[in-house]
Amino acid sequence: MAIHWIKPDIAECTRRGIAYFTSELEMISGLPCKIYRITEEFGSLSDHMHDYFQIWYISRGEFDHTLFGQKYRMTQGSIFVLPPYSVHRVEMLPGKELEVLGCEFMPEFVNEHLRAHMGDSSGLDQAFIESFTVPEDKIPLKILLSSSSDLAVRELLTEMLAEYGR
């Protein structure tokens, strides 16, 4: 199984003022993923897209996230998962503290893992990945986690960040 996204006309997007971040420049060579922590000092980002998945988990504070022309207040305990080429923006809120745990990875990373574990419940959940292969207007834009899920996601991303650092 291979999951593919339609790559837009990058030149046209950049003419319209949309920044384009590529995995070649944003990820360590030979490693199809990255994990990081950002704070409010990171600053806002205008309209942009990237050729990789992006997951942001808000572990402290809040900011505004605009996707498909709709602005969402992202607060502690919420998460978003974006497929490649989703145009979005991030606006920090003056005077607000923030901590985000981010995870970005190439679609090939998911495809390879799915192929290796098809039929094996220890692999990535295919239904989860397929939920982000829907048309743009159907992507879940903000997921508010329950307290138990919030704790589990926080622990998992913190462990991933430590492992990535090693």
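Before reading further, recall that the structure is shown in the block above.
Everything in this summary refers to the structure shown in the same document. (Residues numbered from 1 in each chain as written. Predicted model: local features only at pLDDT ≥ 70, side-chain atom pairs only at ≥ 80, totals over all residues. Heavy atoms only, no water.)

1. Looking at the overall build of the protein chain
Within the protein chain, the regular secondary structure consists of five helices and nine strands. Start at the N end of the protein chain and walk to the C end: the helices and strands fall as α-β-α-β-β-β-β-β-β-β-α-α-β-α. Per-residue burial over the protein chain gives 42% buried out of 166 residues. The contacts of the protein chain with a sequence gap of at least 6 include a subset with a gap of at least 24, amounting to 77%. (Helix = DSSP H or I, 4+ residues; strand = E, 2+ residues; numbered from the N terminus. Buried < 20%, exposed > 50% of the residue type's maximum accessible area, 1.4 Å probe, protein only. Contact = heavy atoms within 4.5 Å.)

2. Let's talk about the pairing of strand β5 (residues 70-75)
The side chains of a regular strand alternate, first on one face of the sheet and then on the other. With six bridges connecting them, strand β4 (residues 53-67) and β5 associate as antiparallel partners. Within β5, the position partnered with L67 by the bridge is Q70. Here β4 folds back onto β5, and the loop between the two strands holds two residues, one of which, F68, carries a positive phi near 55°. (Pairing = 2+ DSSP bridges.)

3. Let's talk about unusual backbone geometry
The phi dihedral of Y85 is positive, around 70°, even though this residue is not glycine. Relative to the elements of secondary structure, Y85 occurs in the loop between β6 (78-82) and β7 (88-92). Residue classification places Y85 among the buried residues on the basis of a relative accessible area of 15%.

4. Focus: the nonpolar core
Membership of the largest hydrophobic core comes to 14 residues, with the highest contact counts inside it found for W56, I58, F63, M74, F80, L98 and V100. Contributing elements (two or more residues each) for this core: β2 (33-39), β4, β5, β6, β7 and β8 (98-105). At four residues, β4 tops the list of elements feeding residues into this core. Sequence-distant contacts of I58, defined by excluding residues within four places in its chain, comprise F63, M74, T75, Q76, G77, S78, L98, E99 and V100. Core analysis: the second largest hydrophobic core is formed by 13 residues, I35, F53, L101 and L145 among them. (Core = buried A, V, L, I, M, F, W, Y, C linked by side-chain atoms within 4.5 Å.)

5. Description of the packing of aromatic side chains
Inspection of the entire model under this criterion finds five aromatic pairs. Measuring from centroid to centroid gives 6.3 Å for F42 and W56, while their planes differ by 75°, and the two rings are edge-to-face. Residue F42 is found in the loop between β2 and β3 (45-50), and its partner W56 is found in strand β4; the two are separated by 14 residues along the sequence. Looking at F42, the relative accessible area reads 41%, which means it is partly exposed. One aromatic cluster is present, built from ring pairs that chain together F42, W56, F63 and F80. (Phe/Tyr/Trp six-rings, centres within 6.5 Å; stacked < 30°, edge-to-face > 60°.)

6. Digging into the pattern of salt bridges
In total, this model carries twelve salt bridges according to the counting rule given. In this structure, E104 and K34 form a salt bridge, with 3.5 Å as the shortest nitrogen-oxygen distance. With a gap of 70 residues between them, E104 in strand β8 and K34 in strand β2 connect regions that are remote in the sequence. D47 serves as the salt-bridge partner of R89, at 2.9 Å between the closest nitrogen and oxygen. Here R89, found in strand β7, pairs with D47, found in strand β3; they are 42 residues apart in sequence, far enough to count as distant. Given the relative accessible area of 30%, R89 is considered partly exposed. Take D47: its relative accessible area is 24%, and that puts it in the partly exposed class. Connected through shared salt-bridge partners, E62, D64, R73 and K96 make up one network. (Salt bridge = Lys/Arg side-chain N within 4 Å of Asp/Glu carboxyl O.)

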